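One letter stands for each residue in the lines below.
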Amino acid sequence: MAKAYERIADDIREQIRAGQLPPGERLPAETSLADQYGRSVPTIREALRLLRDEGLIEKQHGRGTFVRQARTAVLRTNLRHQWEKDRAREPEQRRAATGATEHDTGLTVNDLVFHAAYQETKASKDIAEAFGVPEGTAMVERTYRTRYAAERAPFALVTSYLVRDMVAENPALLDAANEPWPGGTQNQLFTLGIELDRIEERVTARPPTPEEAEELELPHGTALILLRKTSYDTNGRVVELSDIALPGDRTEMTFTTSLERW
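Computed from a prediction, not measured in an experiment: that's the story for all the values here. (Residues numbered from 1 in each chain as written. Predicted model: local features only at pLDDT ≥ 70, side-chain atom pairs only at ≥ 80, totals over all residues. Heavy atoms only, no water.)

**A few points about the pairing of strand β2 (residues 64-67)**
Summarising the sheet, strand β1 (residues 57-60) and β2 pair through 4 bridges and their orientation is antiparallel. Residue pairing in the sheet places K59 in a bridge with T65 of β2. Between the antiparallel neighbours β1 and β2 lie 3 residues, among them G62 with a positive phi of about 80°. (Pairing = 2+ DSSP bridges. Helix = DSSP H or I, 4+ residues; strand = E, 2+ residues; numbered from the N terminus.)

What follows is the structure, given as structure tokens:
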């Protein structure tokens with residue numbers, strides 16, 4: 001038999017799903033809910049904790065508890081890489097009209113808020129092994145945050161690495177002021193005469209750190225999807241690596257594998 005707090009959570013959950021408690025609606029105070037359900041405040045708190053863990057409600061400091069607004073979903077497929085390659089050589093006006101985030105979310109350029117930061121750093125052992133360069137090699141580390149203007153949390157936490165000596169041939173690639181770059185990384189590499197041959201993506205998952213959970217506004221108990229994207233040129237050289245942390249509550253990843261016919 002369900003416990004009292006579970007039955008209360010079931011009732012509130014049903015109201016949310018039926019639209020009786022719409023997104024953004026403030027729930028009654030805990031004392032009011034205790035009177036409504038004829039239970040103690042600790043029992044109400046247990047019910048609300050259950051709903052928070054499910055991502056249905058959120059507590060806003062100093063304001064109360066609210067039905068959680070659904071975040072914009074991201075559909076990321078491996079077909080995006082060919083789409084990015086096809087547009088890498090298009091005229092700048094066409095490249096600037098849309099980007100990968102718009103491709104994955106259905107939003108437009110004007111819907112988005114974009115931030116990029118660059119810094120020079122030295123390759124850690126992990127990064128050096130991935131690129132096949134000596135540890136301590138000068139790298140350009142780029143961090144990206146893109147969000148829907150109507151929301152506070154970014155779609156993902158992105159850190160990208162390039163070998164500094166490789167991209168220094170085009171000084172524009174060392175300056176974050178040139179972001180957002182029309183056509184993204186594939187066009188940046190194209191300006192250096194580099195063509196991508198393949199992209200490998202390794203997917204893992206883990207609990208978020210407190211800082212990651214706060215920045216992405218993750219419900220309690222939500223996992224991070226970790227994606228390491230490694231880009232190889234036509235000579236088999238690693239030319240770019242990205243570590244991407246994606247929120248598990250609003251990201252769908254789909255992989256399509258075309259098979260040769262017999």
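The discussion continues.
**Some words on empty space enclosed by the protein**
In this approach a probe as big as a water molecule rolls over the atoms, and the regions it shows empty are the leftover space. Enumeration according to the criterion identifies 1 cavity of 30 Å³ or more in this entry. By volume, the largest cavity is sized at about 30 Å³. Within the residue set of the lining of the largest cavity, elements represented by two or more residues are β3 (74-77), α4 (80-87) and β10 (251-254). Residues that form the lining of the largest cavity fall into these classes: 3 nonpolar, 4 polar and 3 charged. (1 Å grid on protein atoms, 1.4 Å probe; cavity = no way out; pocket = protein on both sides within 12 Å on 5 of 7 lines; lining within 4 Å. Points joined across faces, edges and corners; volume = space filled by probe spheres on them. Nonpolar A, V, L, I, M, F, W, Y, C, P; charged D, E, K, R; others polar.)

**What to know about the packing of aromatic side chains**
Under the defined criterion, the tally for this structure stands at 1 aromatic pair. Positioned above the aromatic ring of Y232 is the side chain of R198, whose terminal nitrogen or guanidinium carbon lies 3.8 Å from the ring centre. (Phe/Tyr/Trp six-rings, centres within 6.5 Å; stacked < 30°, edge-to-face > 60°. Lys NZ or Arg CZ within 6 Å of the ring centre and 35° of its normal.)

**Let's talk about the pattern of salt bridges**
Under the definition given, this model contains 22 salt bridges. For the salt bridge of D249 with R250, the shortest nitrogen-to-oxygen distance reads 2.9 Å. Note on R250: relative accessible area 7%, which makes it buried. When salt bridges with common partners are traced through the structure, they connect E58, R71, R152 and E217 into a single cluster. (Salt bridge = Lys/Arg side-chain N within 4 Å of Asp/Glu carboxyl O. Buried < 20%, exposed > 50% of the residue type's maximum accessible area, 1.4 Å probe, protein only.)

**Brief notes about the layout of surface pockets**
Approximately 980 Å³ is the volume attributed to the largest pocket. When grouped by side-chain class, the residues that make up the lining of the largest pocket number 18 nonpolar, 13 polar and 12 charged. Roughly 290 Å³ of volume is contained in the second largest pocket. Looking at the lining of the second largest pocket residue by residue, the class counts come to 3 nonpolar, 2 polar and 8 charged.

**Digging into helix α2 (residues 30-37)**
Buried within α2 we find E30, L33 and A34. The buried residues of α2 occupy one face: seen down the axis, they fall within an arc of 105°. For α2, the exposed residues set more than 90 degrees away from the buried face come down to D35 and Q36. The inward-facing, buried residues of α2 abut α3 (41-53) and β1. (Arc of directions from axis to C-beta. Contact = heavy atoms within 4.5 Å.)

**Remarks on the nonpolar core**
Within the largest apolar cluster, 31 residues are counted, with the highest numbers of intra-cluster contacts made by I127, F131, M139, M166, V167, L189 and L246. Broken down by secondary-structure element, the contributors of at least two residues to this core are β4 (112-122), α7 (125-131), β5 (138-148), β6 (157-163), α8 (164-167), β8 (224-233) and β9 (238-247). Broken down by element, this core gets its largest block of residues, 5 residues, from β9. Setting aside anything within four residues of it in sequence, one finds V167 in contact with V140, L162, L173, L174 and L192. (Core = buried A, V, L, I, M, F, W, Y, C linked by side-chain atoms within 4.5 Å.)

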